[in-house]
Every structure is written in structure tokens, then in C-alpha cells.
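As a plain string of letters, each chain reads:
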4 protein chains.
Amino acid sequence: MTPTGLAVIGAGYWGPNLVRNAMATPELRLEWLCDLDQERARAVLGRYTTVRPTASVEQVLADPAVQAVAIATPARTHFDLVRAALDAGKHVLVEKPLTPTYAEGAKLVALAEERGRVLMLDHTFCYTPVVGRIRELIASGELGDVQFVDSVRINLGLVQPDVDVLWDLAPHDLSILDFVLPAGVTPVAVAAHSSDPIGAGRPCLAYLTLWLSTGAIAHVHVNWLSPTKIRTTVIGGSRRTIVWDDVNPAQRLAVYDRGVDLSAAGEDERRAALISYRTGDVVVPALPEREALRGVMAEFAAAIREGRAPLTDGRSGLRVLALLEAAGRSIQNDGIRIELGGSLR
Amino acid sequence: MTPTGLAVIGAGYWGPNLVRNAMATPELRLEWLCDLDQERARAVLGRYTTVRPTASVEQVLADPAVQAVAIATPARTHFDLVRAALDAGKHVLVEKPLTPTYAEGAKLVALAEERGRVLMLDHTFCYTPVVGRIRELIASGELGDVQFVDSVRINLGLVQPDVDVLWDLAPHDLSILDFVLPAGVTPVAVAAHSSDPIGAGRPCLAYLTLWLSTGAIAHVHVNWLSPTKIRTTVIGGSRRTIVWDDVNPAQRLAVYDRGVDLSAAGEDERRAALISYRTGDVVVPALPEREALRGVMAEFAAAIREGRAPLTDGRSGLRVLALLEAAGRSIQNDGIRIELGGSLR
Amino acid sequence: MTPTGLAVIGAGYWGPNLVRNAMATPELRLEWLCDLDQERARAVLGRYTTVRPTASVEQVLADPAVQAVAIATPARTHFDLVRAALDAGKHVLVEKPLTPTYAEGAKLVALAEERGRVLMLDHTFCYTPVVGRIRELIASGELGDVQFVDSVRINLGLVQPDVDVLWDLAPHDLSILDFVLPAGVTPVAVAAHSSDPIGAGRPCLAYLTLWLSTGAIAHVHVNWLSPTKIRTTVIGGSRRTIVWDDVNPAQRLAVYDRGVDLSAAGEDERRAALISYRTGDVVVPALPEREALRGVMAEFAAAIREGRAPLTDGRSGLRVLALLEAAGRSIQNDGIRIELGGSLR
Amino acid sequence: MTPTGLAVIGAGYWGPNLVRNAMATPELRLEWLCDLDQERARAVLGRYTTVRPTASVEQVLADPAVQAVAIATPARTHFDLVRAALDAGKHVLVEKPLTPTYAEGAKLVALAEERGRVLMLDHTFCYTPVVGRIRELIASGELGDVQFVDSVRINLGLVQPDVDVLWDLAPHDLSILDFVLPAGVTPVAVAAHSSDPIGAGRPCLAYLTLWLSTGAIAHVHVNWLSPTKIRTTVIGGSRRTIVWDDVNPAQRLAVYDRGVDLSAAGEDERRAALISYRTGDVVVPALPEREALRGVMAEFAAAIREGRAPLTDGRSGLRVLALLEAAGRSIQNDGIRIELGGSLR
């Protein structure tokens, strides 16, 4: 079986990772690395490569050996690049966020479906062993009902020139949430607050509250100004609660048999007496250590080959955009609750 | 100098700590431990004590050997007890929250002033070495301007019968904030979201956003359902940022010379180029280990003796009540921003 | 049932803990706190006590209301005090080490047996929930064979005036080892190295190697000069390995299903191929938080009442002394291996 | 300036790291990757490379474009390979340990000097920012006199087919020690204990004690069977103490102003009174994150170009071998202390 010919577009922060993982994926054959700054592309490829650098997207898209492109350019360029690639008949893997607006994203999703091409979001975290396990724990019912989600993603981050902290970091949390929530549980409203205490011209820290269709709250804290790096997600369930601490490789995931139980039969005045506390064992599941981008590449290649939607398809990117846009509207309106129209899943 | 005669009222969860620390404070002389359940009072005092248990508040308040009372009963009883004590001419130390409403609290503050008696809040954390050091770091300018505050106080907590998680836990964060913010910086608005995912009949987790008069945001996360105990406060400053991790005694406080700086002169289009990152050393200051309640007792005794307001006086308790009430109103109104009328400090 | 009358002798570093826990134990009735410095005893008891301070051991031992004594004085005074107490017909709980020499300790053990009195060592750690669980895990076979033990007990400690670091800290590790090793597994030889890099006149850090009767090694590192406090014991088993981190209350004990397995049938040249690695889950057992000294007091009272040897009897203290003396001989002889004569259990 | 032509020999565990870092070093030009298993070499290089794989060392050594080789093969092959490379006039970078015996290593060092070629040990850790900083802290006197060293390097490691745990892991600790100890301070004696509790046919855990010329002790614990990964080195100084925790990237190095001081003037009987304790701040120095092997490659290239000995030259490898051999003799003789003849530095 011949591998799928691939070009990577964008040799900036993330592009080299795409290059490295594409090169390690047998089902892909990397043909080009494209960047407006051809010297940068050349430098990323190094002195020992047979992959060709180019500054011309047109050249890449015109190459019949290229069946697919992976796009790691600034978000504002995604719409034109993805459209051009789809128009040229290429399958597309694109960095998050899909586009700067929901409307643009929706056009791309429609175009991909019309063209019969794969449009996949690089929601990298969804391909980590830990998120895969979390999804299983929820889907299998081991966690019980999802009662709350709290996600913190803060560190001394690069203040991005074209996106605020919400669009930079929250797509991770929102795409993970989209990936692990059980079928039928969807966000129904959003509120957000943000701040730009250093005068950067855009929010550098933000808090996002999501109301789920079950009544549960999911909360996201993103911050570029924290001196310490924290990436912790707690998902409280009626049977178990999980703590995912991504900066602790020795114990990335812990499943707690701890919580508060309430007997269903209680009348109001006797309620306190019916509360009980579980303080059972904690289990730290063994998880393989493997690079998530390897999984992204394999899924992209498999979706192309099998002519199916990838796990993180364009629609998952759209759902993230809907949440980000609603959060932006909330911020512009003093943090009011914004209802999300229609089903998001 | 004869010690001040003291009675502790309430032998429940916190009362024994007041008893133990009062007994260890030379400036105080513990006369009574009062609880409606006299057996409980007796059990707290143990078999070897000369302190008298009683079930009668009247007996305590009628005792001329008692000049002061420390009240550790449920919040709903505070108003009547504090008023009776002040009416009986006693100085009062009371657990947080001062009262269940701002209006009641304001009456007690007025009454104490009228009677010329000390009314002190047991804002215990304000008397820890770590909070004292944080206050100094801010007051001395070493932190620079406060750019953001993020406080997390979560663990598997007791679901309280008469207060929600906000009134149970957030008074700690709010009183600490009140204590460490520099003169002239005050909260001006509040928004809050909460959830009761276990059907306890009251919020079990809540998120609180405070806008400060400088434009900075302070955020508080309180949660009774978390399987892990986290008590972390980050205070970002323009010169330094501190991380206070209260469950890490080996490194409770760390001062980071890390952050994002922005040159003032930048025009919009050149802004990105003017951002710079400090990644300097971290200093973990040596702090004494001493029990905060010892400091509370010493301050209470000193304020009585010197006829002055204590560090955490009734007004500090009122400021906390104003924030809690505003948070409650926000929760009842879908999280809208509630402006705080008038100066809170 | 009337409680057993108790006197605590020694109001220094550890005595107050004995006092506090004795007072909280219903089966005991604390009569006296005895210290040569009566003011210190008075200060420890505080202003509100009905317990009597005294400077006279004779007075205590002559008191028929006293059936038992708990001794927390410097090690060099233990022999005379324990002997006098046993001669006066009292049961004795004594701090570790039992005596400064094995010979003295053996006399006390013989005397206690002759007198029919309880002689118990305050090997406090053996009464912690964590050590109890470790003992169970080993006894039940869940760990499999004990393959190695590594114990580190270091911090910035008080340089003791009359004992070196080995006699100060290693009794903890050695008594725990004595307590948890399965029946029939005993130390058979010892080697030790030590150093006094600050010129304190006695070893301030030491390394102790014990060979067990199974061929396994147990190693102990004690150090008064470490700036950080580490108290970690790893017990490697053929089926599971446990890590006990005593300064991490959130995860004091972890049971790892990780290890290296070797198929028994391998010939030498094929050995490498027969090695396999287990990398299973980690379980953090739920353990109660309770003060170990409470358990010590309860066991002391129960042993007296039931006329039986306590869990940590005089012989357990003797076994620790034999190891300490052998370690001392090894240090004086350049670290040579010292065989332990006769069975130690 | 033309880069130095390099061949990497050995495409096993470590070889790919040498390949990757050589390719990223401008002063080097990677010509060959050589492995007896040419398919493995091909797989390491990947599908996009211009570097040539080969199974023939002879071909590599005969190539005039190759001026230098980096050898990452099993230790037992080092002697023949290094000798052949030096005989062919190549400069050599070799993995630790240099050779399985001191005698062989000494011959290679002599041969390299005779041939005027660079012989460098890949003591990787010496090129990390953290070890560089430790060396500076000691050399500058900031730590004061080195009072003790304690190094723990344990994890669930691969049981090596041809070396025991001491030869596998301790070279790291010993080469670091060799690198950071101040001029004139050398090991003078060694004792070691080891154990093979799983029947692997070679020691799987070992403890190594080194006496330094100052009287201080350095201790090393290496273990292949630990379920947790610990890589911690404590270096106690008379003025500061450092703790290097290599598995904690957020705080790899901490400098403690804590310790025990002893006034010099004390007579014996008053000694206790003259002990004082420093409990000052802790400083966590900002350190760059860069891959150590990049530094190894740069140093190798620079030493070749400048015709000088590299920082970790053949003699540093010899000093490590002397310690390993002495440790082995100690193990074979029940752990007796082995004096090291002659100066090791």
C-alpha cells in the first residue's frame, strides 16, 4: 500500500512537530515543508533531509503527489489556506482554532463535505493516552454521572500577537471536554470574564463557565501570566472522581473513590443526616507514554484511507468555535450568561 | 497584670481549638466552656481540667470574672449571642461569617462601637506567618501592582447543614484578600456561579469573580466535592508573583521573579515586539511555623488591653459579608455582575 | 473498670506528647508529671490541670495509685529509672532506645519478666495506620518475598548532646523493620559508615546496611544535616512494591504493581530474554488519620490489663539494640561486616 | 570553516540521540550511522535522510571524510572499537563506561595521547545546565566546604545483559562528582554493597560509599528495581546546601541557606551550647532548558578544532573506572574499605 503524500504548511512553533511525526508515520510520505520564509523551512528540515522546502503554497497544492496537507499557520490564515487546499482536492489537517469565526469554520466544514475530503482538527490532547482513558472511564459508566469539571491551564505563556488567551489556550480544554463528555451531554450556556492587567491589548487571563445540559458546571481557567505551569483537570462523577495532572508524568491520572453521597429518600429536614462520605482507595492507572501527535497522524492517515470522518473532525472544531464565540460575547457584556442556540453535538 | 477572663461558647468543630489556644495564652484566663450540650463541653475539656463546663450562656454572661467571650457556634446564632454578650459588656471574638446578613452584622458593629467593646473576627488565616509575609511583600512594593489574584480552596469537605460552600469557605479567601490588598485598592463588583450537583439543597461548589478598583480581577474557587485538597493562592504583581501553597509545608510561599513585561511606549502595531519575559530566580522565604490561633488570641487580648480595634475588626467582617451577599445576588441572577455600592474599606 | 494510674517521667521534647495522649486515653488515669525541673513539668501541664507536677521520682514510685510509668528522659537515665520502676512493681513504657547498651537492656527485660510486669518500648511508628497496613501487606503475602528495603530519614535535625544520629534516628527504621518483616526473616549481619563533617563530636550522618536471612539487603540512611526533610521507605517485593512517603499526607502509602520478573527456568545464556517487566497500576490505600501515640497508650493499657506482652515489648527493644551495637562496631572497624550471633527474633 | 566529518557507531538505545544531536550541531557533519544490524541503522535514520547506514566499521574508518567517531555500542566492544578508531587517526567520543577494566582504559588513554587525538567520554550530565551551575556554586565558594554528598539514582530500569547496576548507573554519579568537586578534593577509599534479589545473575541494586580526601563521605544508591524514579543529589556545604532533583523540571535545583553551625572555640563539654541552626531562605536559580547532548557535541567539535582535551576527557573516564573497580573489589570482599592508590585527579 503506498503511503499518502503529505505537505506540511507552516514552519513556526508547531510545524516542526508535525514534520517530525509525519516522518515517523509509515502511512504518510512527507513531500514538502512550506513556509513563506523558505529559509525557516530549510532550517526546520535540517541539512540531511530529502524533504523539499518551498515558499509556494501553489506549488504544493499543484503537486499531484500531495494528497493531504497539514496546516500550522496563524489562525487568521486558516480560512484561505484550508479552502484552497480543499478546492485543490486535498485532505486537510489543521491546527486549532479552525478559523477566527464560526461562520468561516462552518463554510469550510460544508466545503469539505461537498468535496468528500477529510477535514480534521489537530486537537492533540484527544490523542493522548490519558484523555483516551478518561473518555473510557466516562463512557463505561465507571465515573457515574459527570457532576463537575474544573480545568486549569496556566503558565508563563507567550502573549500571542493575533489571538487572546482564550483563543490560544481554551481550545485545548474545550476540545477535550467535547471529546470525553458522554453522548447527549452538551454545553447549553457560557459565561466568561477576562482581564488584561499588563496592557497587552488583549485578554491575558480568563475564566470560562459552561453549563451542561445536565445542570452540571464545567469551568476553565486560562492564564498567560502565571509563573508556575499548572495543567490540572478534575472531573467529578457520582461514582468516582478523576484528577488529571499533566505536569506530573509519574502520576498523570488518578481515580479517586472519594466523594459525597446523598440518599435519595431524604426529606428536606433530614437531609444532613443522609449525607455520607466515601473515602476509599485511589488508583493510578498504568498508561503508556507515547507522543500524541503520532496518534494524530495515524488517525489522519486512517480517515483518508477509510474515507471516514476522523475522531476530531471539522464539526468538533465548529463546536469549539461556538463556545469561544459565546465566551467572547459574554466578556463584552460584563460576563452575562450566553445561551447556546441549538444542539452543539 | 491580671489576665483577661474569657469564656468560649461552642464546643463543636472549632471550639476545641479556641479552648486549647486560649489556655496557652498567658494574657487570657479561660473560665468557662459553654455549649447547649454540656456533655460535649465536658468531653472537650477532658478529665483533668479546672475549666468549668456549662450549658447556660446566661450564667457565663452574668459572671463578672468573664470580660470576653469567644463564639464558635453556627452562624445563624451569632447575632443573638454577640448582641447579648455586648449588652452584657463583654468583648467578643466571633467565628466567620459574622452574621448571615450584612444588615445584622452592621447592627453588631454599631453596637460594639456604642458600647466601647472589642468586636473581633476570627479571620484565622490573617494571623499565619505566610499571610503576614504576603501583606508585607505587597505593602513594601516588592510585588509591584497587584495584577491578578487566583485562589483555590477545594477538598472533600463537610457539607454544612446551614451554610452553602460560599459562606463556608470563601470568607477565608475574602478576609485574606481584605487583609493583604494595599490601601486604596478595593473590590468594586462581584459575579458568581455555583452548582449543587449532588442535590444537597445548597451550592457545593462556586466560582467568584471580583473586580478590583484598579481593574484587576480576583477569582475564588471553592468546592466541597474535590477528592484532593488544594489551597493555592497566586498573586500576580508587576514586579514579582507569589504562589502560596498551603498544603505544602516545605514550601508554603514562593516569590517568583517571572512575568511578562510590556514597554510603555509601544504603538499598537509594534506591541508584540515590546513584550519581554522575565524568568529569574525563585525565592522561598524562611517562615516560622506557629499556630495562627495563638496569634488570634494574642491580638484579641492586646486589643482589649489597649482599647483599640483589632487587626481583623468587625468592619473587616462586614466587608466580607458585603461580598458574600453580592455573590449570592449574582448567583440568583444568572451570574450577572453586581456593583458594590460605596467604598468597602 | 477503673483506669490504670499512670505517671509520666520526663517533661522535655517528647514528654508533653505522652501527657496529652495519656489524658485522652480512657483506660489510663494520669496522676503525675515528673521532671527534675518541676517548673518545666508545671509549664507542660499548664494552668488548668488537675494533674500534679513533681520533681521526685521516689514520690511517684511510692504512690500506690500509680500502677504504671511512661519514661521520656535521656537514654542514659533509662536503666536506673526503668529498674527502679520495675522494682517498685510498676509497669513501664519507655522511649527508644531502651538503654545505651544491649547488656543493660537485657537485664531490664529479664527483670520485667521476673517481676511479671509489662515492659513496653514506645516504638511509635509501629502504631501508625501506615505501618500497620505495611505489616498486613507483607504478612498476607500480597507483596510476595521481601527483596529489598531502603529507608531514608533525613532532615535538619537537632544534634543531640548524648546520642549520635544512628542512635537518635535509626531506632525508628530498625523497630519498623522488626515489626513488619515476616516471621522467620531476621537480620544476620550489619555494616555501617558514618561521618561528622561539622565537628560535632559524634556522627551526624550514617548509612547502615543489614543483610537479612533471606539474602536481601535492608539499607538505612539517617542524617541530621539535610536541609530537606525526607522520610521515605521503599519495600520491594516479588509481587508488589510499596513506597511509604511519610511527609506526603495526601499519599502516604502507594502499592505498585511494578517490577522485574525472571522466569525460573532460564539457563544463563538465555537469561536476558526471560526477564519481563510489570508496569501495572498503582493503588493508594485509604488510611485513617489518627495519632500513633494514642495507639501506643491503648496498647500499653491493654497489655497491663490482659497481663500479656505488648506488640512492641522489651525484646523488640533488645533486637534494636543488638543492631545498633553491631553498627557501632562496624563503624569503628572501617565498615566491615559484623555478623549477628544467634537469632534475633 | 568546514564541519568535522562524524560517524556514529551503534544504533541501539543511545545511538539515535547521538545521531539527532550530531545532525543539529553545525560544527559537525554526520556521514555514517554504523551498526552490525544495518536495518536497525536504516530504521534509526528514517526514510528522509541523506546520511548513509552501514554495517561495516572498516568502511567508516577507511573514509577520509570521517575525522571523528561517536561510539554507542556495548561496553565490552569499546576497547577494540576505540583502538581501531584511534589507529585510523580518528577522534573518539565514547559512551560510559570507557572500558570494562581500568587497564584497558589506560591503554586507550595512552594511545590517544600518543596519536594526538581527542578521546572524550560522553559524561552527558556534566553538560546539563544544572551540573554546570553546581560546579560554579562549589568553585566560587558559595557552598563552602563540601561536607557530604548523597546521590540516589533509582527507577524501574532495564536489567542490562552485560553490566551490573553499578557499571550501568553509577558512572553518572561518579562522573558528576568528578566534575563538580573542587580542585584538590579526591576520593581516597571506596566501600560497596550490592544485591541481586531477583536472581538476574548480577547486582540489581548497590550502595557505594566514597571517602574523600577531606574526610567527607559521598554516598551513591543505584537500583534497577525501584517502582518510582528518583534522581536526587544533595551536596551539603558549610555555607549552603544544594538539592538537585532531576525529575522535577519546575525546581531542578534549590540552594538552601540551612544547616548546622558549630562555633570553633568550644571545649568538649560545652559543645552542645555552641551549635546553632541556620534556617534561611531557599533560592531556586533560573536555569536554561537545553539538551545536554547538544553541549557534548559542541564540546567534542571544539576540542577537535582547538586541539585540546575536552572537559570530560579520557582521564575522567579512567577515574570513574578506578572507582568502579574498587567498588567491585569491595563487594567481593564483604564490603571492606578499599583504599585508592595514588591520586585520582
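All residue numbers refer to position in the chain's written sequence, counted from 1. The lettering of chains begins at A and the numbering of ligands begins at 1, in the order of writing. In keeping with the model being predicted, local features are shown solely for residues with a pLDDT of at least 70 and side-chain atom pairs are shown and tallied solely at 80 or more, while totals for entire chains, interfaces and linings include all residues. Only heavy atoms go into the side-chain values, all of them from the structure, while hydrogens and water stay out.

The name given to chain A in an unreviewed UniProt entry is Oxidoreductase, and the organism recorded there is Sphaerisporangium rufum.

Draft legend 1. Inspection of the overall build of chain A at higher detail. Secondary structure summary: chain A contains 10 helices and 15 strands in total. Relative to the globule expectation of 20 Å for 345 residues, the C-alpha radius of gyration of chain A, 21 Å, shows essentially globular dimensions. If you line up chain A on its principal axes, its C-alpha atoms span 75 × 45 × 40 Å. Contact definition: two residues touch when any of their heavy atoms are within 4.5 Å. Of all intrachain contacts in chain A linking residues separated by at least 6 positions in sequence, the fraction that spans at least 24 positions is 66%. Two residue types count as positive, namely Lys and Arg, and two as negative, namely Asp and Glu; His and chain ends fall outside the count. Charge positions come from single atoms, namely NZ of Lys, CZ of Arg, CG of Asp or CD of Glu. Positive and negative side-chain charges of chain A, numbering 35 and 40 respectively, have mean locations separated by a distance of 4 Å. Each helix is a run of DSSP H or I of at least 4 residues and each strand a run of E of at least 2, with the numbering of both proceeding from the N terminus. This radius of gyration counts C-alpha atoms alone. The globule rule is 2.2 Å times how many residues there are, raised to the power 0.38.

Draft legend 2. Quick look at the pairing of strand β14 (residues 275-284) of chain A. The rule for pairing is simple: two strands pair if DSSP sees at least two bridges between them. Where strand β13 (residues 253-262) of chain A and β14 of chain A come together, 7 bridges link them in antiparallel fashion. In the sheet register, Val255 of chain A faces β14 of chain A, and the bridge partner there is Val283 of chain A. As judged from the 3 bridges shared by β14 of chain A and strand β14 (residues 275-284) of chain C, these two strands associate in the antiparallel manner. Paired with Val283 of chain A across the strands is Val283 of chain C, a residue of β14 of chain C.

Draft legend 3. Layout of the relation of the copies chain A and chain B. Each copy of the sequence occupies a distinct position, and chain A is placed on chain B by a rotation of 180 degrees and an axial shift of 0.0 Å, giving an RMSD of 0.0 Å. Taken together, the turn and the small shift mark the pair as related by a two-fold rotation axis. Using C-alpha coordinates, one finds that chain A approaches the rotation axis most closely at Ile336 of chain A, a distance of 2.6 Å. Interface overlap between copies: 100% of the residues of chain A at the interface are likewise at the interface in chain B, consistent with a symmetric, same-surface contact. Copy-to-copy alignment: least squares on C-alpha atoms, limited to residues at pLDDT 70 or above in both.

Draft legend 4. Local environment of the interface of chain A and chain C. Of the residues lining the interface, 9 residues belong to chain A; the matching set on chain C comes to 9 residues. Buried surface at the junction of chain A and chain C, both sides included, amounts to about 740 Å², of which 44% is carbon and sulfur. Throughout this description, the term salt bridge denotes a Lys or Arg side-chain nitrogen within 4 Å of a carboxyl oxygen of Asp or Glu. Where chain A meets chain C, there are 0 salt bridges. Contacts described as polar in this section are N or O atom pairs within 3.5 Å, which, within protein, must combine one atom able to donate a hydrogen with one able to accept it, while residues neighboring in sequence count only if both atoms come from side chains. Taken together, chain A and chain C are joined by 5 residue pairs in polar contact (both at pLDDT 80 or more). What gets called buried area is simply the loss in accessible area from a 1.4 Å probe that two parts show on being joined, summed for both.

Draft legend 5. Here's a closer look at the pattern of salt bridges. Throughout the structure, instances matching the rule amount to 84 salt bridges over all chains. A salt bridge links Arg240 of chain C to Asp257 of chain C; its shortest N-O distance comes to 3.3 Å. Here Asp257 of chain C lies in strand β13 (residues 253-262) and Arg240 of chain C lies in the loop between β11 (225-237) and β12 (241-245), a separation of 17 residues in the sequence. In this scheme, a residue with accessible area under 20% of its type's maximum is buried, one over 50% is exposed, and one in between is partly exposed, where area comes from a 1.4 Å probe on protein chains only. Looking at Arg240 of chain C, the relative accessible area reads 25%, which means it is partly exposed. Here Asp63 of chain D makes a salt bridge to Arg52 of chain D, at a shortest N to O gap of 3.9 Å. Taken as a pair, Asp63 of chain D in the loop between α3 (57-62) and β4 (68-71) and Arg52 of chain D in strand β3 (residues 52-54) lie far apart in primary sequence, 11 residues in all. Through salt bridges with shared partners, a single ionic network connects Arg29, Glu31, Arg52 and Asp63 of chain A.

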